[in-house]
Amino acid sequence: MERKKLQKIRTIGGDIFVFEGHRIDFQIRRVYFTKNVPEGETRGHHAHKNLEQVLLCPHGAIQVTLDDGKGKPETVTLKDPEEAIYVGPGTWHKMKWLEKGSVLLVLASKEYDEDDYIRDYGDFIRFREERDKLLESRE
Ligand code: T46
């Protein structure tokens, strides 16, 4: 799992958290956030074919599970606003809201495109197998 750290600037009267574009290999083309999600709800359950994203939780606690299809999913709880994770293409991901009021903030490499989503786990496994074969043949 590729973790990223935000810069925390303490000021009188509040903290500022900073994530600058040079820290990632993609250009940020869309920013969105998800809130008003009930505690215990799990979202995601999909992968992207090409999209790259960085996930942050500026408020609350959200458990994120990343699955590369090889049988060893990794889980992290984002609860510190300084923490972020990179979610690359071909990664099945789920986000579970552990606390009411939690906010998921996402920095994404492309505009929204439903054709980029893989929403069926069987299709995801087939996508990974084909992608891995292609990458091996190029080595
Ligand atoms: C992701 C995780 C981390 C749009 O029309 N535009 C948008 O920019 C987004 C993000 C969503 N939508 C529509 C598409 C669906 O009809 O909003 C609806 C809900 O989307 P979805 O079920 O994909 O939401 P999540 O919370 O499961 O996933 C979201 C992002 O969609 C997804 O790309 O990686 O957060």
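Located above this text is the structure these notes cover.
Residues numbered from 1 in each chain as written. Predicted model: local features only at pLDDT ≥ 70, side-chain atom pairs only at ≥ 80, totals over all residues. Heavy atoms only, no water.

### Focus on the site of the ligand
Consideration 1: By nearness alone, every residue bordering the ligand is listed as Arg30, Tyr32, Arg43, Gly44, His46, His48, Gln53, His93, Met95, Tyr112, Tyr117 and Arg119.
Consideration 2: Between the ligand and Arg43, the relevant distance is 2.7 Å, taken from an oxygen atom to a side-chain nitrogen or oxygen of the residue.
Consideration 3: Between the ligand and Arg119 there is a distance of 3.0 Å, counted from an oxygen atom to a side-chain nitrogen or oxygen.
Consideration 4: Its free accessible area being 650 Å², the ligand has 68% of it covered by the protein chains.
Consideration 5: Listing elements by their share of the shell around the ligand, those giving two or more residues are β4 (30-34), β5 (42-48) and β10 (92-97).
Consideration 6: Considering every element that reaches the shell around the ligand, the biggest residue donor is β5, with four residues. (Near = heavy atom within 4 Å. Polar contact = N/O pair within 3.5 Å; in protein donor to acceptor, adjacent residues only side chain to side chain. Areas by Shrake-Rupley, 256 points an atom, 1.4 Å probe, with all protein chains shown as cover. Helix = DSSP H or I, 4+ residues; strand = E, 2+ residues; numbered from the N terminus.)

### Examining the environment of Ile125
Consideration 1: Along the polypeptide, Ile125 turns up in helix α1 (residues 121-138).
Consideration 2: Note on Ile125: relative accessible area 23%, which makes it partly exposed.
Consideration 3: On a C-alpha basis, the gap between Ile125 and Trp92 in space is 9.3 Å, while along the polypeptide they are 33 residues apart. (Buried < 20%, exposed > 50% of the residue type's maximum accessible area, 1.4 Å probe, protein only.)

These figures come from the coordinates and say nothing about function on their own.
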